[in-house]
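Listed below are the residues making up each chain.
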Amino acid sequence: SLPERLHNPLKYRFRTLLFVADDLAGRVKGFAHVSVEPSVRLVFIDYIASGPRLSGRGVGGALYERVREEARLLGALGVFFECGSDDRAECASDAEHKQNVARLRFYEGFGARPVDGTEYTLPLTPGQIGMPLLVFDPVGAAKLPTPAQARAVVRTVLERKYAALFPPEYIDRVVKSFRDDPIRLRPFRYVKPAGTAAARAAPPSRSFETTIALLVNEGHEIHHVRDRGYVESPVRIPVILRELERTGFFHRLEPKKFADHHVTAVHDPGLVSFLKKCCESVPEGDSVYPYVFPIRNATRPPKELSMRAGYYCIDTFTPLNRNAYKAARNAVDCALTAARQVQGGRRIAYALVRPPGHHAERHVFGGFCYFNSTAIAAHALANEGRVAILDIDYHHGNGQQDIFYDRDDVLTVSIHGHPSFSYPYFSGFAEETGEGRGVGFNLNLPQPEKLDGKGHRAALVRALDRIADFAPTFLVVALGLDPARGDPTGTWFLGASDFEENGRLIGALGRPTLVVQEGGYRTRTLGVNAAHFFRGLMHPLEKREAGKSERTRGPRR
């Protein structure tokens with residue numbers, strides 16, 4: 001079932017990870033099969049297996065260490081798994097008891113122990129023996145899970161893995177038995193705590209530096225506008241995600257929740273309040289489109305919220321519905337979580353979000369955009385150093401320009417179709433360079449209606465030269481994939497190799513980089529182009545790591 005579990009996670013209700021240990025000839029020595037559920041921060045080992053006659057040779061330990069590393073990178077609570085009881089009365093034979101003791105001794109060496117004080121081993125029928133222990137490895141976390149976190153994990157495991165075996169009332173009883181705050185682990189039996197892997201200081205994971213933190217706003221699909229011609233659809237995220245997962249570059253993390261002050265630091269509080277209240281008032285399944293705009297007397301808006309939409313919107317095709325605010329707010333949380341990763345030393349982080357945000361200005365929304373996630377994240381990063389925003393969407397990044405136009409600590413650069421033919425039409429001209437302290441810190445590079453990859457790279461080199469002169473602490477890339485050939489909202493001809501070369505040029509700057517997803521609507525090529533962009537972005541980093549490895553090995557003799 002492994003291929004199907006990997007390719008069809010919806011059927012098995014878990015994301016499946018498969019780690020394989022092999023030798024230089026490609027012979028498989030062992031593997032670990034792991035189930036992941038990000039919504040409850042669960043990493044669950046289904047099994048670790050090593051090949052015949054390889055037990056005790058370190059294969060299992062290497063695989064388990066790799067799973068522990070993955071749990072840390074995913075932001076999981078820790079690692080959960082089941083293990084047979086080491087109580088002789090619960091074992092069918094001496095051999096089974098001996099095997100269970102050996103396994104628990106092995107895992108104790110990493111700090112993993114059975115969860116105590118619960119009914120997880122409750123027999124399903126009277127006299128039944130052999131119910132497994134639930135084992136937990138904190139993987140170095142400072143705090144153990146709370147009862148609520150543990151109950152969510154246990155319910156997920158029992159309902160998704162054992163629903164055919166356990167009746168609902170049995171599952172409810174077991175789940176409710178997790179009452180200790182935090183959960184309580186059994187005392188060590190087989191190793192001294194000071195000798196565990198958890199107690200030994202571990203060096204920073206190299207993977208942290210050489211992989212991309214991936215944040216996805218899981219609830220994005222609630223914002224689904226089914227009106228004819230509306231191209232900003234939920235399918236954009238899974239088609240990108242499918243191709244990214246094949247690259248092996250990404251480690252997915254759970255977004256954290258951030259307070260509203262991060263949003264109102266960039267957007268007018270009146271806009272934020274209007275979007276929230278108006279979206280809450282729209283009937284389920286309906287959409288409100290702005291159609292009345294205050295050319296005069298804008299200070300006296302109508303009382304009805306839906307009639308007020310034109311006071312805050314720049315076009316007639318960005319609807320407000322019940323879920324637009326929620327989805328946009330989740331996108332902000334993803335971008336801010338990704339920014340925190342970069343602040344914490346991560347080389348690259350990617351917020352794969354929808355709806356997009358780069359057309360949302362301080363006071364208005366539009367262009368499918370409600371909150372400017374790119375600008376909100378850049379503002380947060382600016383607290384720790386200078387920030388450059390590079391917008392490579394087909395359309396002008398008018399939102400960032402408006403928000404940072406009078407600032408000199410954030411450089412805004414946009415490569416886009418000329419506003420004479422490209423949305424939003426009213427901004428993006430080359431002579432718009434900033435005002436006040438911000439003069440010289442806004443660079444627009446409008447391009448002709450027909451543009452190939454070579455022409456786009458010429459503009460990108462100009463943009464990167466300006467960014468290099470600015471010498472930012474952080475780089476934020478507003479990644480639009482709509483310069484692609486055939487995109488329904490653009491007129492350019494970039495292919496996968498062009499996106500890869502663009503990524504390589506950007507990566508060569510060597511700056512900690514946050515990438516926030518913006519436009520891109522041709523779903524047939526969206527994922528492939530995204531994967532090629534990140535391959536290019538990672539290339540300079542992989543090249544440096546290869547050089548370090550070669551220097552570490554020394555010259556060949």
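Reading the values: rules and limits
Residues numbered from 1 in each chain as written. Predicted model: local features only at pLDDT ≥ 70, side-chain atom pairs only at ≥ 80, totals over all residues. Heavy atoms only, no water. Helix = DSSP H or I, 4+ residues; strand = E, 2+ residues; numbered from the N terminus. Buried < 20%, exposed > 50% of the residue type's maximum accessible area, 1.4 Å probe, protein only. Contact = heavy atoms within 4.5 Å. Areas by Shrake-Rupley, 256 points an atom, 1.4 Å probe, with all protein chains shown as cover. Pairing = 2+ DSSP bridges. Axes fitted to C-alpha atoms, helices over the stretch in contact; angles between N-to-C directions. pLDDT = per-residue confidence, 0-100. Phe/Tyr/Trp six-rings, centres within 6.5 Å; stacked < 30°, edge-to-face > 60°. Salt bridge = Lys/Arg side-chain N within 4 Å of Asp/Glu carboxyl O. Core = buried A, V, L, I, M, F, W, Y, C linked by side-chain atoms within 4.5 Å. Polar contact = N/O pair within 3.5 Å; in protein donor to acceptor, adjacent residues only side chain to side chain. Expected span 1.5 Å × (residues − 1). Disulfide = S-S within 2.5 Å.

A.B. asks: Can you lay out the overall build of the protein for me, pointing to particular residues and giving the numbers?
C.D. replies: Of regular secondary structure, the protein possesses 16 helices and 17 strands. The buried share among the 557 residues of the protein stands at 51%. Sequence separation of 24 or more characterises 75% of the internal contacts of the protein that already satisfy a separation of 6 or more. Element-wise, carbon and sulfur atoms account for 52% of the exposed surface of the protein, whose accessible area totals about 25300 Å².

A.B. asks: Summarise the sheet that holds strand β8 (residues 212–216); cite the residues concerned and give the values.
C.D. replies: With parallel pairing, eight strands are arranged side by side in an open sheet as β9-β8-β12-β17-β16-β13-β14-β15. Both edges of this open sheet fall to β9 (250–253) and β15 (442–447), since each of them pairs with a single strand only. Sheet twist, expressed as the average angle between the axes of neighbouring strands with direction ignored, equals 15°. Pairing of strand β16 (residues 474–479) with strand β17 (residues 513–517) involves five bridges; the strand directions are parallel. Across the sheet, residue Val 477 finds its bridge partner in β17, namely Val 515.

A.B. asks: Provide a residue-level description of the confidence of the model for the protein, including the pertinent values.
C.D. replies: Averaged over the protein, the pLDDT score is 88; the fraction of residues at 70 or greater is 89%. Note on residues 199–206: pLDDT is under 50 here. Beyond four places in sequence and across chains, it has five contacts. With pLDDT under 50 throughout, residues 549–557 is counted as low confidence; its partners more than four residues away or in other chains account for one contact.

A.B. asks: An account of the packing of aromatic side chains is requested, with residue identities and associated values reported.
C.D. replies: Evaluated as defined, the whole model comprises 24 aromatic pairs. Consider the rings of Phe 81 and Tyr 107, whose centres lie 4.4 Å apart with planes at 45°: the pair is tilted. Here the residue Phe 81 occupies a position in strand β4 (residues 79–83), and Tyr 107 occupies one in helix α4 (residues 94–108), the gap between them amounting to 26 residues. Tyr 107 gets classed as buried once you look at its relative accessible area, which sits at 12%. Plain terms: the ring middles of Tyr 350 and Phe 534 are 4.5 Å apart, the flat faces sit at 45° to each other, and that makes the pair tilted. Placement of Tyr 350 in strand β12 (residues 348–352) and of Phe 534 in helix α16 (residues 523–553) is noted, with a sequence separation of 184 residues between them. For the pair formed by Tyr 350 and Phe 534, the shared burial category is buried. Here the aromatic residues Tyr 64, Phe 81, Phe 106, Tyr 107 and Phe 110 are joined through ring pairs into a cluster of three or more.

A.B. asks: Account for the environment of Phe 19, with residues named and values stated.
C.D. replies: With respect to the helices and strands, Phe 19 occurs in strand β1 (residues 15–22). Along the primary structure Phe 19 and Leu 63 are separated by 44 residues, whereas in three dimensions their C-alpha atoms are 7.1 Å apart. If near-sequence neighbours (up to four positions away) are discounted, Phe 19 is found in contact with Gly 30, Phe 31, Ala 32, Val 34, Leu 63, Arg 66, Val 67 and Glu 70.

A.B. asks: Describe in detail the pattern of salt bridges, supporting the description with residues and values.
C.D. replies: Counted by the stated rule, this structure contains 23 salt bridges. Glu 284 is the salt-bridge partner of Arg 322, the closest N and O atoms lying 3.8 Å from each other. Separated by 38 residues along the polypeptide, Arg 322 in the loop between β11 (320–321) and α11 (324–343) and Glu 284 in the loop between α10 (269–281) and β10 (287–288) bring together distant segments of the chain. With relative accessibility at 57%, the residue Glu 284 sits in the exposed group. The salt bridge partner of Asp 333 is Arg 329, with a shortest N-O separation of 3.0 Å. Linking Asp 333 with Arg 329, this pair stays in helix α11, spanning four residues, or about one helical turn. Within the structure, one salt-bridge network assembled from shared partners comprises Lys 257, Asp 260, Arg 329 and Asp 333.

A.B. asks: Kindly report on the nonpolar core, identifying the contributing residues and their values.
C.D. replies: In terms of nonpolar packing, the biggest core is built from 51 residues, with Phe 274, Leu 275, Leu 320, Phe 365, Phe 371, Val 387 and Leu 514 touching the most fellow members. The element contributing the most residues to this core is α11, with eleven residues. Counting residues in hydrophobic clusters, the runner-up holds 47 residues, among them Ile 240, Leu 352, Tyr 394 and Val 413.

A.B. asks: Summarise the pairing of β4; cite the residues concerned and give the values.
C.D. replies: Counting buried positions along β4 gives four out of five residues, so the element sits mostly inside the fold. Two elements, strand β3 (residues 42–50) and β4, share two bridges in a ladder whose sense is parallel. Counted as the bridge partner of Phe 44 is Phe 80 from β4. Sheet topology note: the β4/strand β6 (residues 133–137) ladder contains five bridges and is antiparallel. In the strand pairing of β6, Glu 82 is matched with Leu 134.

A.B. asks: Can you explain the environment of His 456? Please cite residues and give values.
C.D. replies: Along the chain, His 456 turns up in helix α14 (residues 453–470). For the pair His 456 and Leu 494, spaced 38 residues apart in the sequence, the C-alpha separation amounts to 8.2 Å. Excluding residues within four positions of it along the chain, His 456 makes contact with Ile 415, Leu 451, Trp 492, Leu 494 and Asn 502.

A.B. asks: Tell me about the side chain of His 33, and please be specific about residues and values.
C.D. replies: Its place among the elements puts His 33 in strand β2 (residues 28–37). Take His 33: its relative accessible area is 1%, and that puts it in the buried class. At a separation of 2.8 Å, a polar atom in the side chain of His 33 contacts the side chain of Asp 46. Apart from residues no more than four positions distant in its own chain, His 33 is found in contact with Leu 2, Arg 5, Thr 16, Leu 17, Leu 18, Phe 44, Ile 45, Asp 46 and Tyr 47.

A.B. asks: For helix α3 (residues 59–74), give the residues involved together with the corresponding values.
C.D. replies: Here α3 spans 23 Å end to end across 16 residues, near enough to the 22 Å set by a 1.5 Å rise per residue. Directly after α3, the chain includes Gly 75, whose backbone phi takes a positive value near 70°.

A.B. asks: Break down the state of the cysteines for me, citing the residues and quoting the values.
C.D. replies: Tallied over the full model, the rule gives zero disulfides. This cysteine, Cys 278, is not joined by any disulfide, and Cys 279 carries the nearest cysteine sulfur, 5.9 Å off. For Cys 278, a relative accessible area of 1% puts it in the buried group.

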